[in-house]
Amino acid sequence: MTADTITIRFFARLREELNTEQLTLPAQPGLTTGAILASLAERGGAWTQLQGEQQVMIAVNQTMAKLSTEVRAGDEVAFFPPVTGG
């Protein structure tokens, strides 16, 4: 990771279904977690689930975040499926 990028990490079934654990994106002023999800979903295929009916959970720098959370250079954004109890 460099100072001008954002690290994106995927966990649990998302990591398996997307066949990737981590990727990096260039940092941009005003970039939000929602915009990252939308951009990734545009890849098609399994990536479309990132904006499906069952929303993913988001953390920025290990703190729970919302779609409107702004991300900055050097941040780590994690996406993972909702946790269900039983």
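Quantities reported herein were computed from a predicted structural model and do not represent experimental measurements. (Residues numbered from 1 in each chain as written. Predicted model: local features only at pLDDT ≥ 70, side-chain atom pairs only at ≥ 80, totals over all residues. Heavy atoms only, no water.)

J.: Where do I start with helix H2 (residues 33-41) in this structure?
T.: The periodicity of an α-helix, 3.6 residues per turn, causes residues three or four places apart in sequence to face the same way. Within the sequence span of H2, burial applies to Thr-33, Gly-34, Ile-36, Leu-37, Leu-40 and Ala-41. Take H2 and look down its axis: the buried residues cluster within an arc of 160°, on one side only. In this structure, the buried side of H2 is in contact with strand E1 (5-10), strand E2 (22-26), strand E3 (57-60) and strand E5 (76-80). (Buried < 20%, exposed > 50% of the residue type's maximum accessible area, 1.4 Å probe, protein only. Helix = DSSP H or I, 4+ residues; strand = E, 2+ residues; numbered from the N terminus. Arc of directions from axis to C-beta. Contact = heavy atoms within 4.5 Å.)

J.: I tried to follow the environment of Ser-39 on my own but got confused; where do I start?
T.: On the secondary structure map, Ser-39 appears in helix H2. Since its relative accessible area comes to 42%, Ser-39 is described here as partly exposed. On a C-alpha basis, the gap between Ser-39 and Gln-51 in space is 9.9 Å, while along the polypeptide they are twelve residues apart.

J.: How should I be thinking about the environment of Leu-50 in this particular structure?
T.: Structurally, the position occupied by Leu-50 is in the loop between H2 and E3. Using a relative accessible area of 0% as the deciding quantity, one classes Leu-50 as buried. Between the C-alpha atoms of Leu-50 and Gly-34, which are 16 residues apart in sequence, the distance is 9.8 Å. With sequence-adjacent residues up to four places away left out, Leu-50 is seen in contact with Phe-10, Leu-14, Leu-18, Leu-37, Leu-40, Gln-55 and Val-56.

J.: Help me understand the sheet that holds strand E4 (residues 63-64) in this model?
T.: Strand pairing in a sheet relies on backbone hydrogen bonds. The paired strands run either parallel or antiparallel. Taken in spatial order, the five strands line up as E2-E1-E5-E3-E4 in an open sheet, and their pairing is mixed. Each having just a single partner strand, E2 and E4 make up the two edges of the open sheet. The pairing of E3 with E4 spans two bridges and is classified as antiparallel. Its bridge partner lying in E4, Ala-59 is registered against Met-64. (Pairing = 2+ DSSP bridges.)

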